[in-house]
Every structure is written in C-alpha cells, then in structure tokens.
Amino acid sequence: MSLAAFISDLDALAAEAATKFAAAADAAALEAARVEFLGAKSGRLKDAQKGLGTVGKDDKPAAGKKFNDVKAAIEAAFAEAQERAGAGGAKVAAGPPFDPTQPGLRPRLGHLHPLTQTIEELKDIMGRLGFTVAHGPEIEDERHNFEALNIPKAHPARDPLENFYLAVAGKVQGSGFGVQGSSSTSNTDPKNPELLLRSQTSTVQIRVMENQPPPVRIISLGRVYRPDTADATHYPMFHQIEGLLIDKHVTMADLKSTLRLFAGSYFGGEVHIRFRPSFFPFTEPSVEVDMQWNDRWIEMGGAGMVDPNVLRAVGYDPEEVSGFAFGLGVERVCARRHQVTDIREFYRNDVRFLEQF
Ligand code: FA5
C-alpha cells in the first residue's frame, strides 16, 4: 500500500469516528461507537494498523507518525463525546426513562402497638379521675418487690422458680428463699440487695409512698416478669396497671366506684364490678376483681385496702390514713375489649394482626 493511500484511509477513519461519537444519543450508543473504532481486539483502528506493514520501508517512519496522530485524534474525540454525555446525564440513562406523570408509591405508615395504645388510653382515663402517673424500675430489689409489701422471706411468692432473679457479679440471686437468718443471703443489707425483674407493679406503691407524705393518688403502668408458660392468657413478660389512693377515710366503696368508672370509660356502656374474696399480703381485705361486659364476666386483677403493715413500712400512720390499691393485667383488658382470644398475638408481631388496631 502506498503512503498516500494509507494516510487517506486513516483520515477517513478519523472523520467517521468523530462523526459517530458526536452523534451517539446515549451512553450505550457511545460505548458501541468506542468498541467499533477503538476496540482492542477488532476495532477499526486496530485493523488500519495492519496497513503499516504494507507501506514501503522508506515510508514507514512517516506512516507510523500519521497512525499515532490519528489514534490520538480518535481517542480525543471519544473523550470529548464522553464528557458531553456525562454532563448531560447520558451516563445514567441506562434503563427506562423517568416518567414524572406516574402516580407515586404511597409510604406505609405505622402506628402505636395495641398495648401501647391501651396504656395511653388507661393513663388518660385515670388522669381524668385525678390519678397521676408514677414510674418505677423494672429491675427491683427484694425490699420493694416483697418485704415492704408484707411478703416475708419464706413466702412462696419469693421462690426462685416464681421469679426472674438476676445473677450479679457471679452470685445467683434469690438463693436465700426459705433460708432464715443466713447472712450470705440476707436481703436486708442495703449495700448488697438481691435483684430481680419485678413481678408486679405494686413495687411502685412503695417507691411513691417512701418519697412523699399522704395523700397519694397515682397509677403506674409497665412491664412485669414471671416465669409463666405462655398460653392464651399468660405471657412471661406482660403489663400491669397499678392504682393507689391513700387519704383520710378511704373505703372499699371508693375502690369499687373507681374501678367501675374506669371500666365503664374503657369498655364503654354499662360495666358491673364483682369482688371475690382473695388474699394478697399487702392488702386487707383483698379481692379479685371481675367485670361484666357484654354479658360475660372476666377476671381483671387483684385489689384491696392497703394493709396497715405496708403503711407502717413506709412511715405512714394507719390510724391517720387508709387507702386502696389495685393491679390489673393490661393484656387481658385489651384482649377483652378487642375480642382477642389469645394474648400471645400481641407479641407475634404479625403486621396483619397489628394493623387492625
Ligand atoms: C398481682 O400482681 C397484684 N400485685 C395485684 C394487686 C395490686 C393486688 C394491688 C392488690 C393490690 P396477680 O398476680 O393476680 O396480682 O396479677 C394481676 C393480674 O395480672 C391478673 O389478674 C392478670 O390479669 C394479670 N396477669 C398475671 N399473670 C399474668 C401473665 N403471666 N400474663 C398476662 N397477664 C397476667
């Protein structure tokens, strides 16, 4: 091949490449043009290079220089086209174009868990009856969970099998159940209290009364823990609402009318309250509270008049003041109102169940 023919072929190739790069409408077309002209294996520039071997020996230096110039020119034309495409967004144009007229995707909004909704509603109802909300820790010592509530050391309610005692610094707590007078298991040492997950919200009664003189009118709502096997009405972690009213001349009639107002507001309509004699170490007399709603009786929790021993344990004078206390299971109250037959549903986190509330 003559030098003149070689040069003219290269010039034509450079012109064609520049035109194609400039005309590429998107990133895919530009890439196709790059492969056509600059492709390492079978690009047209690579083909043209083969012509170098066919020009005369004396023309080789000039032919080589021309080839290098054209190669640089084609690469520069590609780089320029690529830059233009990048600035115009063609690089990201792969895939279907954005259609601003399409309707948007509606975001899925969550809401409060049914038990949280119930807790908020119960707070609201009791707030209207003049009860303020008190809080207590979920990790408790034995004084607040048992002793000040008149539950002595050998009482079965303190059995490690009935409670979640905590192992602190290698020591298993609660090992003193039933062991009278053992110094290593004494729970009266304030520096080394035995700790457990509280088994009832009645602990908060003590914490409030220890810190303020009467009158008291509080509720406390929160989690409590018992090693109960989960079934339709039990769960090892559940919620209670505790109520406590201490004042002069408080009677069982006040307890009953408070619970009736409370139940009527929560369930709506006519609710009857029935007291069945029961026993709690911290109330005397003690009762189980049943409520009748929609022609069915259900057990809601325990209640009673605060035992004088409890009042004395927090420094109150039982001759001066009296009071009532109650503790109800939030899961059971919520399940009853919404006709949920198994409280485990509240903890399965199945959105199909939860979104109904
Ligand atoms: C008590 O816990 C007492 N502290 C209640 C009390 C407070 C009595 C103030 C007197 C004065 P009881 O163990 O019965 O009582 O529990 C109260 C309610 O909690 C039960 O009626 C039930 O509604 C609920 N409950 C008890 N165990 C579970 C459980 N494992 N799962 C779900 N709910 C439960």
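Remember, predicted model here, so these are calculated numbers, not experimental data.

S.K.: Quick question: what am I supposed to make of the site of the ligand here?
M.R.: Surrounding the ligand, one finds 25 residues, the nearest of these being Gln200, Ser202, Arg226, Asp228 and Tyr235. One of the side-chain nitrogen or oxygen atoms of Arg226 is found 2.8 Å away from an oxygen atom of the ligand. A distance of 3.0 Å separates a nitrogen atom of the ligand from a polar atom in the backbone of Tyr235. Compared with its free state, where it exposes 680 Å², the ligand has 93% of that area covered by protein. Breaking the shell around the ligand down by element, the ones donating at least two residues are α7 (202–211), β8 (237–247), β11 (296–306) and β12 (322–329). Top element by residues in the shell around the ligand is β11. It accounts for five residues. Counted by class, the shell around the ligand contains nine nonpolar, 11 polar and five charged residues.

S.K.: Hey, could you run me through helix α10 (residues 330–337) in this one?
M.R.: Since the α-helix advances by 3.6 residues per turn, residues separated by three or four positions end up pointing in the same direction. Of all eight residues in α10, six are buried; the element is thus mostly enclosed. Within α10 the residues assigned to the buried category are Val330, Glu331, Val333, Cys334, Ala335 and Arg336. In the stretch just after α10, Gln339 is the one whose phi turns positive, near 55°.

S.K.: What is the right way to read the sheet that holds strand β3 (residues 164–165) from this model?
M.R.: Note on sheets: strands pair through backbone hydrogen bonds, and any given pair is parallel or antiparallel. The three strands are arranged β2-β6-β3 in an open sheet whose pairing can be described as antiparallel. Of all the strands in the sheet, the pair left with one neighbour each is β2 (139–141) and β3. Of the strand pairs in this sheet, β2 and strand β6 (residues 195–197) are connected by three bridges, and their pairing is antiparallel. Looking across to β6, one finds that Asp141 is bridged to Leu195.

S.K.: Please explain the pattern of salt bridges as it appears in this structure.
M.R.: Opposite charge on two side chains allows them to pair when their charged atoms are near. Scanning all chains against the criterion turns up 25 salt bridges. Two residues, Arg158 and Glu147, come together in a salt bridge whose shortest N-O distance is 3.3 Å. You can see Arg158 sitting in the loop between α6 (142–145) and β3 and its partner Glu147 sitting in the loop between α6 and β3, a full 11 residues away along the chain. The buried category is assigned to Arg158, whose relative accessible area is 1%. Given the relative accessible area of 28%, Glu147 is considered partly exposed. In this structure, the salt-bridge partner of Asp290 is Arg274, at a minimum N-O distance of 3.2 Å. Of this pair, Asp290 sits in strand β10 (residues 283–293) while Arg274 is found in strand β9 (residues 272–280), placing the two residues 16 residues apart along the sequence. With relative accessibility at 33%, the residue Arg274 sits in the partly exposed group. One network of salt bridges, in which partners are shared, links Glu16, Lys20, Glu36 and Arg44.

Rules used in this analysis
Residues numbered from 1 in each chain as written. Predicted model: local features only at pLDDT ≥ 70, side-chain atom pairs only at ≥ 80, totals over all residues. Heavy atoms only, no water. Near = heavy atom within 4 Å. Polar contact = N/O pair within 3.5 Å; in protein donor to acceptor, adjacent residues only side chain to side chain. Areas by Shrake-Rupley, 256 points an atom, 1.4 Å probe, with all protein chains shown as cover. Helix = DSSP H or I, 4+ residues; strand = E, 2+ residues; numbered from the N terminus. Nonpolar A, V, L, I, M, F, W, Y, C, P; charged D, E, K, R; others polar. Buried < 20%, exposed > 50% of the residue type's maximum accessible area, 1.4 Å probe, protein only. Pairing = 2+ DSSP bridges. Salt bridge = Lys/Arg side-chain N within 4 Å of Asp/Glu carboxyl O.

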